[in-house]
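Understanding the architecture of this molecule
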Amino acid sequence: MSFELIKDILIATVPLLVIFPSLFAFTTWMERKALARIQNRIGPNKTGIPCTRIGLFGLGQPAADGIKMIFKEDIVPRGADRLFHLLAPILALIPAMLILCFLPLEFPWGKFMSAPVQAFLLDSAVIFFFAISGLTTLAIFMAGWASRNKYSLLGGMRAVAQMVSYEIPLVLSAVVVVMMVGSLNAKEIADAQTGFNWFVFTPWGLAAFVIFFIAALAETNRSPFDLPEAESEIIAGYFTEYSGFKFALFFLGEYIAMFAISGLAVTLFLGAGDGPFLTSAPWLSVVWFIVKIFGLIAVMIWLRGTLPRLRVDQLMAFAWKFLLPISIFNILLAGLSHFALDARVAATSDAILYSIHAPHTHSGAVNHAPPKLVAGQKEAVMGALHYTDKNWVGAMEWFFKAALKGHVQSRSILAWWFGIWAMGLTVLYVMAKGLDNVSRSEVKPREYLYAE
Amino acid sequence: MTQEITFWVLAVIAVLGALVAVRRRNLIHGVFALMIFFAALSGLFLLLLAEFIAAVQILVYIGAVGILLLFAIMLTERVTGDDARDITSRGSFWGWAAALAVLVFLLLPAIQSADLAQTAQPHIPSVKALGHKLMEPYVVTLEVLALLLTAALIGAVAASQGGEKTKEDSDDA
Amino acid sequence: MTLEHCLILGAVLFCIGLLGALTRRNAVVVLFSIEIMLNAANLNFIAFWRFSDTPDQLHGPLFTLFTIAVAAAEVAVGLALVIAVYRHFKTVDLEQLDTLKEE
Amino acid sequence: MSILGGGIFKGMAVTLRNFVGSYFYKERLTTNDYEWRPDGALPQSIGDYPKEEGEQLSDTTTVNHYSRNFPMLLHDTGEPMDTIRCVACKICERECPPQCIYIEKSTEKIENADGKPQFYPAKFDIDVSVCMSCQICVEVCPFDAIVMNSQFELSTPDRFGGLLVRRDDLLKSNDYYHKIHPQEAATRDQKMADDKAAKEAKKKAAAEKAKAAAEAKAKAEAENESKEDAE
């Protein structure tokens, strides 16, 4: 193994292993404080610097929990499958950590690498992301099975069923963005969204983002979908028999998976690392990326403070009868309207560009006074230029300015653009309403024929 | 040099994973060994620069087929194989003989005799090319595949649901 | 990491799968073994493609893609049948599923 | 036609208001940000907690007016033992469902607030670990001597002796009662004042009637005498 290769690998992986667990510690504190404030209490505020009275808003709480977890006794039930009981938390953590490297985080110390050893440059990074994030399902099943206890097996089976059925809408909603960008490479997806061209600002992107976020909540067993680890129903589900450090590993694994999934949501829909002032300080992209991740995590915590837990059958009906058809329909809608819109706007923008060249070519070499510019034509041309290099948010801005000046063609483009927006959202809303009635309809409990 | 080591490590893991999956009494251990086997194979695909296939392998085999097998084991009997019944079928000796015979007399001579290419051409894995290929010459195959998968989906649901109540069940209920 | 090593590995894995299919009683384990055999075949496809003269033709990965899809469909239907058999006969032991055999 | 997911957004709006409100309006918070105790020692028994003033009081006022925890004995303004209302009639001891009140009547009588010699409880213990805050003792007490307190910080390291509250720890002044449950204390005082007034009125009426009867009798006698004189 050449030294260069080892150096590159270390530069690529060690920062992730350091940054995200420390962000995990911060998030546990943030979650407990936010949940407390939602319920009109104060939340941890006494554990500051150890052995002193300075409780700096409870920031020492994650450290205190960590130490507690290390010293707690690690009980393994007698009948349990000892090997798998140990392996399950590790398997829960490895994929969560692994998928972190598929997020297009351009750390500033990346330039010390000789060859760019970065996983998000992989050609099929997004597929690898979903493939490896599917492994946590296995870990949860292994935990449920290995603890040799009915409740955890029940929790394990429920978790597996939930995660498998929510993985499909998750992947399908990502297909929309991959279809637009035309590549699975995370870096290309990020570059396609520079300059506020985030996919969330397109109607199908917004719908896909909502579906992705809901499915991501279910994938990481969070807030309304946290049935597998429901304390009230099945005594903390699959990690009932876990205590001490193994429990902390599950906890860490779940949070890192939450980071990773919201990281992917940011990459696909919220323009990874794209924000203001990037030209002056390119390293800011990592900061914007992490700020957006924390935004999504704040919403997850907010949802956890608000929504009650879903029953198993509601959970399943929601996934199969609501999310899945909507995400497939969204792909169809995205394909139709984007390429239809693309053709329509491209035609008019070419017409705009053509309009300024046309007079010269007709009148041959004789140059005479510059062509009489139609009002607002300059802005329209700028918009068209922006549109050609796929910066449609900038293009729409210029078209808007041109339309203000009364430029006819940019008015038609804007009308077409907002028409697509209105039509897309209303069609999706009507379909969602319809599906909502279907998935809410009376579910006959199926009597099981086998295993009498 | 690193490729040699990784190849041999993955090969050993794959063979061990397959053997444990086949010989293990406890089915759950068998399934997890099988998944290690799939993971090792995915590593081999990466080594052979078939990047997309490695990703699909993990997604389909470990993510879906593995869990399907787990569900199937959960729904059938004798999961931990701790009862004394023999796990091998009656004529298991002939099974061994047949497998070894196929290996020794059929496959290995075939590999020795064939003149195999020694050098690997440089190749940049790109999913775009795979996508274009899937669209131009193989688009019909893709549609047939989609049809097949839907049929399999519906078939699996129909078969495992047991359809309307059979005679025996109506007696029991 | 020559082509020959990959082919030998593929052969060995294929035979392990064959061994499992022939000697095990439990239907689910037989399905394991068939999966192993299919994967061994996939390994050979990719190995031949990697060492072929025109890797850009992508014959290997395409064909493997199709075999993976077919194998997944096969496992799904196979397991559905195994469950249906289990519900009817209360066993998945292949030795006892011999009602077709005339006594 | 409710918007799809409308309920979720309404719920999230409520939690957001709660979240933001808790930072700006201190009275929304159910518990205060306790400072460390000066010497950091744990209170050994209920008595160690400050009686009326002190940090405990400031917390109980934040608990809203209808919070009930464990009973307390009332005494009017002045020295607790002089103005104690309880006369050790033991009705509450009998009525208490979990039997967690223990009263020992005093042998001699002392002047109470209205100057009438009354018995007083030599011992009045409530086992706080047994009491279920059912408020029956407050309802049955004819002398309004026992009411519910809202002090909730009663943790002690010793769960046998520590949770048995003696008479002196139970005794609280009436204006403390006004401080923690203003409306209820006001209505209770109002009722006592009305009863007293009614009693006085009745007494006065009885006195007048007695006087009138006495006058009538006196007049009758005067008439008899005058009649006898006349014969």
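Residues numbered from 1 in each chain as written. Chains lettered and ligands numbered in written order. Predicted model: local features only at pLDDT ≥ 70, side-chain atom pairs only at ≥ 80, totals over all residues. Heavy atoms only, no water.

Structural notes on the domain arrangement of chain D
All names here are of chain D. Parsing chain D into structural domains produces domain 1 (55–180) and domain 2 (181–220). Relative placement of domain 1 and domain 2: their C-alpha centres are 29 Å apart. Between domain 1 and domain 2, the contact holds 15 residues from the first and 10 residues from the second. Summed over both sides, the interface of domain 1 with domain 2 buries roughly 1200 Å², with 45% coming from carbon and sulfur. (Domains from an automatic or database assignment. Contact = heavy atoms within 4.5 Å. Buried area = accessible area lost by both parts, 1.4 Å probe.)

Details of the sheet that holds strand E2 (residues 101–105) of chain D
Residues and elements named next belong to chain D. Spatial ordering of the open sheet is given by E2-E5-E7, a layout of 3 strands whose pairing is antiparallel. Whereas interior strands pair on both sides, the edge strands pair on one side only; in this sheet they are E2 and strand E7 (164–165). One ladder, built from 2 bridges, connects strand E5 (residues 121–127) with E7; its direction is antiparallel. Bridged to aspartate 127 within E7 is leucine 164. (Pairing = 2+ DSSP bridges. Helix = DSSP H or I, 4+ residues; strand = E, 2+ residues; numbered from the N terminus.)

Section: the state of the cysteines
All names here are of chain D. Summed over the entire model, instances satisfying the criterion amount to 0 disulfides over all chains. Between cysteine 96, a free cysteine, and cysteine 100, which holds the nearest cysteine sulfur, the sulfur-to-sulfur gap is 3.7 Å. Considering cysteine sulfurs only, cysteine 96 is the nearest to cysteine 134, which forms no disulfide, with 5.8 Å between them. (Disulfide = S-S within 2.5 Å.)

Digging into the domain arrangement of chain B
Domain boundaries in chain B define domain 1 (1–82) and domain 2 (92–111 + 127–161). Placing a centre on the C-alpha atoms of domain 1 of chain B and another on those of domain 2 of chain B gives a separation of 17 Å.

What about helix H3 (residues 82–100) of chain A?
Helical geometry note: an α-helix holds 3.6 residues per turn, so side chains three or four residues apart project in the same direction. For H3 of chain A, spanning 19 residues, the distance from its first C-alpha to its last is 29 Å, which sits close to the expected 27 Å at 1.5 Å a residue. The sharpest bend along H3 of chain A reaches about 30° and sits at alanine 88 of chain A, with the proline proline 89 of chain A one to four residues further on. Those residues of H3 of chain A that fall on the buried side of the exposure criterion are Phe84, His85, Ala88, Pro89, Ala92, Leu93, Pro95, Ala96, Met97, Ile99 and Leu100 of chain A. Its buried side turned inward, H3 of chain A meets helix H1 (3–38), helix H4 (125–133), helix H5 (135–146) and helix H10 (244–269) of chain A together with helix H2 (27–47) of chain B. (Expected span 1.5 Å × (residues − 1). Bend = angle between axes of the 7 residues up to and from the residue. Buried < 20%, exposed > 50% of the residue type's maximum accessible area, 1.4 Å probe, protein only.)

A look at the packing of helix H11 (residues 284–306) of chain A against helix H1 (residues 6–24) of chain D
The N-to-C vectors of H11 of chain A and H1 of chain D enclose an angle of 100°; their axes lie 9 Å apart at closest approach. Here H11 of chain A is positioned roughly perpendicular relative to H1 of chain D, judged by the angle of their axes. Note on element contacts: H1 of chain D touches H11 of chain A through Gly11, Met12, Thr15 and Leu16 of chain D, opposite Trp302, Leu303, Gly305 and Thr306 of chain A. Its residues assigned to classes, the contact of H11 of chain A with H1 of chain D shows 4 nonpolar, 4 polar and no charged. (Axes fitted to C-alpha atoms, helices over the stretch in contact; angles between N-to-C directions. Parallel < 35°, antiparallel > 145°, perpendicular 65-115°, else oblique. Nonpolar A, V, L, I, M, F, W, Y, C, P; charged D, E, K, R; others polar.)

Describing a positive patch on the surface
Residues and elements named next belong to chain D. Among the surface-exposed residues, Lys90, Lys105, Lys109, Lys116, Lys196, Lys199, Lys202 and Lys203 lie close enough to one another that they form a single positively charged patch. When residues in the positive patch are grouped by element, the largest group, 4 residues, is from helix H7 (residues 182–230). Looking at the element boundaries, lysine 116 is found in the loop between strand E3 (110–111) and strand E4 (117–118). (Patch = residues over 30% accessible without salt bridge, like charges linked within 9 Å, V, L, I, M, F, W, Y side chains within 5 Å. Areas by Shrake-Rupley, 256 points an atom, 1.4 Å probe, with all protein chains shown as cover. Salt bridge = Lys/Arg side-chain N within 4 Å of Asp/Glu carboxyl O. Lys, Arg positive; Asp, Glu negative; His and termini not counted. Charge placed at Lys NZ, Arg CZ, Asp CG, Glu CD.)

Points about a nonpolar patch on the surface
All names here are of chain A. A cluster of nonpolar side chains, namely Phe26, Ile49, Ile54, Leu56, Phe57 and Leu59, defines an oily patch on the protein surface of about 540 Å² accessible area. With respect to the secondary-structure elements, isoleucine 49 resides in the loop between H1 and helix H2 (61–71). Judged by relative accessible area, isoleucine 49 falls into the partly exposed class, the value being 38%.

Notes on the interface of chain C and chain B
Facing the 74 residues of chain C at the interface are 84 residues of chain B. Overall, the association of chain C and chain B removes approximately 7100 Å² of surface from exposure, summing both partners, and the carbon and sulfur fraction of that is 75%. Inspection of the chain C/chain B interface yields 0 salt bridges. Taken together, chain C and chain B are joined by 6 residue pairs in polar contact (both at pLDDT 80 or more). Looking at the side of chain C that touches chain B, the elements that each hand over two or more residues are helix H1 (3–23), helix H2 (27–50) and helix H3 (59–89) of chain C. When residues in the side of chain C that touches chain B are grouped by element, the largest group, 24 residues, is from H3 of chain C. Looking at the side of chain C that touches chain B residue by residue, the classes come out as 48 nonpolar, 14 polar and 12 charged. (Polar contact = N/O pair within 3.5 Å; in protein donor to acceptor, adjacent residues only side chain to side chain.)

Some remarks on the confidence of the model for chain D
All names here are of chain D. Scored by pLDDT, chain D comes out at a mean of 82, with 85% of its residues at no less than 70. Under a pLDDT of 50 for its full length, residues 53–61 has, in the predicted model, 17 contacts with residues more than four places off or in other chains. This prediction of the complex comes with two scores: 0.80 for pTM and 0.78 for ipTM. (pLDDT = per-residue confidence, 0-100.)

Re the nonpolar core
Counting 206 residues, the largest nonpolar core has Phe212 of chain A together with Leu13 of chain C as the members making the most contacts within it. For phenylalanine 212 of chain A, the contacting residues outside a window of four places in its chain are Phe130, Leu170, Ser173, Ala174, Ile261, Leu264, Ala265, Leu268 and Phe269 of chain A. In terms of nonpolar packing, the next biggest core, distinct from the first, is built from 34 residues, Ala88, Val147, Leu163 and Leu170 of chain D among them. (Core = buried A, V, L, I, M, F, W, Y, C linked by side-chain atoms within 4.5 Å.)

Re the packing of aromatic side chains
In the structure shown here, the tally under the stated rule is 28 aromatic pairs over all chains. Ring geometry for phenylalanine 84 of chain A against phenylalanine 32 of chain B: centres 5.0 Å apart, planes inclined by 40°, an arrangement best described as tilted. Taken together, the residues span two chains, with phenylalanine 84 of chain A in helix H3 and phenylalanine 32 of chain B in helix H2. The buried category is assigned to phenylalanine 32 of chain B, whose relative accessible area is 7%. Relative to phenylalanine 213 of chain A, the ring of phenylalanine 209 of chain A has its centre 6.3 Å away and its plane inclined at 35°; by these criteria the two rings are tilted. Pair noted here: phenylalanine 209 of chain A and phenylalanine 213 of chain A are both in helix H8 (residues 203–219), with a separation of 4 residues, about one helical turn. (Phe/Tyr/Trp six-rings, centres within 6.5 Å; stacked < 30°, edge-to-face > 60°.)

Considerations on the pattern of salt bridges
Per the counting criterion, the structure on display carries 19 salt bridges over all chains. Its salt-bridge partner being aspartate 313 of chain A, residue arginine 311 of chain A comes within 2.9 Å of it at the nearest N-O pair. When its relative accessible area of 33% is taken as the criterion, aspartate 313 of chain A is described as partly exposed. Put simply, lysine 191 of chain D and aspartate 144 of chain D hold a salt bridge, and the shortest N to O gap is 3.9 Å. Linking lysine 191 of chain D in helix H7 with aspartate 144 of chain D in the loop between helix H4 (136–140) and strand E6 (146–149), this pair joins segments that are 47 residues apart in sequence. Because the salt bridges share partners, they merge into one network encompassing Asp144, Glu184, Arg188 and Lys191 of chain D.

Describing unusual backbone geometry
You will see that leucine 49 of chain B, though not glycine, has its phi angle at about 60°, which is positive. Structurally, the position occupied by leucine 49 of chain B is in the loop between H2 and helix H3 (51–75). The phi torsion at serine 133 of chain D lies on the positive side, around 50°, for a residue other than glycine. In this structure, serine 133 of chain D sits in the loop between E5 and H4.

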